[in-house]
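Residue strings, one per chain:
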Amino acid sequence: MSERKILICSAWPYAYDMMHLGNLVGCLLSGDVFERYYRLKGCDVVHVSGSDMHGTRTEFEALRRGISPEEIAYKTHEAIVEVLKGFHIDMENYTTTATETHYEFTQNLYRQAEANGYIIPLDEKRAFCEVDEIFLADSFIEGTCPKCQFERAKGNQCDNCSSLLEPEQLIEPKCTICGQSQIVFKETRAWLLDLAKLEPKLREYVEGHPEWEGNVKHFTKQMLEDGLQPRAVTRDLKWGIPAPFEGSEGKVIYVWAEAAIGYVSATKEYFDKLGTPERFDEFWKNPDAKHVYTQGKDNIAFHTIFFPGQLLASEQGYHLPDQVSAVEYLQWIGGAKFSKTNNVGIFCDEALELMDPSYWRWYLISVRPERRDLAFSWEDLDMAVNATLNNNILNLVNRVVSLIHKKTDGKVLDVEIEADVLAQVEATAKKVDEIVEAGGLAAAIREISNLALFGNEFVQNREPWKEGNENILTSAFHVCKALSVLIQPFVPRVAEKVFRVLNLKDVTFDEITTIRGGHPLNPTEPLFEKLDIDELKARYEALKEKSTQNA
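Residues numbered from 1 in each chain as written. Predicted model: local features only at pLDDT ≥ 70, side-chain atom pairs only at ≥ 80, totals over all residues. Heavy atoms only, no water.

### As for the nonpolar core
Let me state the cut-off plainly: Throughout this description, the term nonpolar core refers to a set of buried Ala, Val, Leu, Ile, Met, Phe, Trp, Tyr and Cys residues connected via side-chain atoms within 4.5 Å. Accessible area is worked out with a 1.4 Å probe on protein chains only. A residue is then buried under 20% of its type maximum, exposed over 50%, and partly exposed in between. Numbering of helices and strands starts at the N terminus; helices are DSSP runs of H or I of at least 4 residues and strands are runs of E of at least 2. In this description, contact between two residues means that some pair of their heavy atoms is separated by no more than 4.5 Å.
By size, the foremost hydrophobic cluster in this structure holds 163 residues, and its most contacted members are W284, I346 and L381. If you tally residues by element for this core, the top one is helix α13 (residues 378-407), at 13 residues. The contact partners of I346, leaving out residues within four places of it in the chain, are H20, L21, W332, F338, A351, L354, W360, F376, W378 and Y540.

### Quick notes on a negative patch on the surface
Applied cut-off: Residues forming no salt bridge and having over 30% relative accessible area are the ones grouped into patches, like charges within 9 Å of each other and nonpolar side chains (Val, Leu, Ile, Met, Phe, Trp, Tyr) within 5 Å. Computed with a 1.4 Å probe, the accessible areas rest on the Shrake-Rupley method; for each residue, only the protein chains presented here act as cover. Salt bridges, as used here, are contacts in which a Lys or Arg side-chain nitrogen is within 4 Å of a carboxyl oxygen on Asp or Glu. As used throughout, the charge tally considers Lys and Arg to be positive and Asp and Glu to be negative, leaving His and the chain termini uncounted. By convention, the point assigned to a charge is CZ for Arg, NZ for Lys, CD for Glu and CG for Asp.
A surface patch of negative charge is lined by E379, D380, D382, D532 and D534. Residue contributions to the negative patch peak at three residues, all from α13. A relative accessible area of 60% places D534 in the exposed class.

### A word on the sheet that holds strand β9 (residues 183-193)
Going by this rule: Two strands qualify as a pair provided DSSP detects at least 2 bridges between them.
Spatial strand order, β5-β4-β9-β10: four strands in an open sheet with antiparallel pairing. Edge positions in the sheet fall to β5 (134-135) and β10 (231-232), since each has one partner strand and no second. Inspection of the sheet shows strand β4 (residues 119-129) paired to β9 by eleven bridges, in the antiparallel sense. Residue pairing in the sheet places R126 in a bridge with K186 of β9.

### Points about the pairing of β9
Strand direction decides the pairing type here: β9 and β10, joined by two bridges, are antiparallel. Of the residues in β10, the one forming a bridge with L193 is R231.

### Some details on helix α2 (residues 56-65)
Within the span of α2, buried status applies to T56, T58, E61 and A62. Where α2 is buried, its residues meet α3 (69-86). Count one or two residues on from α2 and you reach G66, which has phi positive near 75°.

### Let's talk about the pattern of salt bridges
Within this structure, the stated rule accounts for 37 salt bridges. R36 is the salt-bridge partner of D32, the closest N and O atoms lying 2.9 Å from each other. Linking D32 with R36, this pair stays in helix α1 (residues 21-40), spanning four residues, or about one helical turn. Comparing D32 with R36 shows no difference in burial state: the two are buried. Among the salt bridges present, the one from K407 reaches E470, with a minimum N-O distance of 3.9 Å. Of the two residues, K407 sits in helix α13 while E470 sits in the loop between α15 (442-462) and α16 (472-487), which places them 63 residues apart along the sequence. By relative accessible area, K407 is classed as partly exposed at 23%. E470 sits in the buried class, given a relative accessible area of 14%. Salt bridges sharing common partners tie together R4, K41, K290, D433 and E437.

### A short note on the side chain of H102
The cut-off we apply is this: For this analysis, a polar contact is any N or O atom pair within 3.5 Å, provided that within protein one partner can donate a hydrogen and the other can accept it, and provided that sequence-adjacent residues contribute only side-chain to side-chain pairs.
Of note, H102 is situated in helix α4 (residues 100-115). A polar side-chain atom of H102 sits 2.9 Å from a polar atom in the side chain of S265. If sequence neighbours within four positions are ignored, H102 has contacts with T96, T97, I241, E258, I261, G262 and S265.

This is how it looks when you write it as structure tokens:
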């Protein structure tokens, strides 16, 4: 059994509002599926993430609600923790960026980077709103992108063309807090991470990952072709980690420049709490470990350029990201953008009120947007849950278990599995493994669904209910057993029910092709309940109406 070290790092949700379904599938849910899959294979797995507590948006939301940034951040964090429990997302350490461990680790890393010559002070002009009388974080400046002319580009990035920007590059910038265009650029001192000096090392690192593809490859390549420039890591804000540089009193580490460091500090925090701090090096200073990062495409550059740059600047020998499993955007119906303000879309706390979380898990991973932006649809939800999970997979299990109880006294006959069935099971397991190891999940679900289709056709064509055909049920059982193992990372609570019916315990990936002749089954039990899409839509509309009234 493999003892590979696998570290799963899921992007940190902001602690100023609830996540929507797109946030969930791109980061924490994907990370949970990867974690469960690698653990099924017998790997030593650690999954870390947490709530991103800092930043101007948190300060702004706190100001709007009349509470402190700390209060809103912890309140949101607690709500996110409950959502994770609801969706059966269970990781080793879901923490926050406000812990003592994270503060100390971040400050120490920047002291190391400064000592190594990768931090430079610079007097520069930063955006200042004359109406609100505050320096503005880049994300609170909006204007026209100079590259694609998108009219709602932010001061740090254009969401339309994904170009990384500086506020002064925007055409007609305005403050999104007050909505006014009274922005001036006042001089202040900032401390910058010298990405230009790090560029040769970063190029070498990126060239060592020819397997990167899609937007991960495209965005990273484009940044390097444009040439890397020093980027500020401090901001004139109050809520955040105090900058550790001489003369930086009153400034904090910019939120983008400390959140990803949380992957390292969260791992340290986890092993410190376990009383095994020495195990930290097994994951962060081990060249044979595998690091998997789950996030949306808007975070790609932070995981392939900036975060590796921070680690390299520290010169501590930290393991750099291996697999960046970034998704495109999951949008609302018709391509609309999820919005709490405009009451558009389903947010995670609402989702748990509407439907069984196992059904959400299966649907969201089924439509995980791995190649292009995708939009939520009730029709796709119906197809994923009712047609694929319930009718195709779980109904096959019920049918085969019922036939074994009826025809062979509830025991799997000790006969050989038919060659074509064994070949199909082995081929599916191999293909699913290749997909997941390469960072895919939606395609893995399609392979699992195809195995169930094969199983249903096999049972239908071979007619095991007829006298003399009982031996066929042994092969059918092994299709069901393989399905139960393969769906476990995606819908663990559903898999538990199937394991119970099939009388399987301590299931691992090896169980997929293990022969179990003479194996007794447990009595059948309901494995699913058909989802009434019309009723679900009605409950969604009622929920949104209630939200509008309470706004």
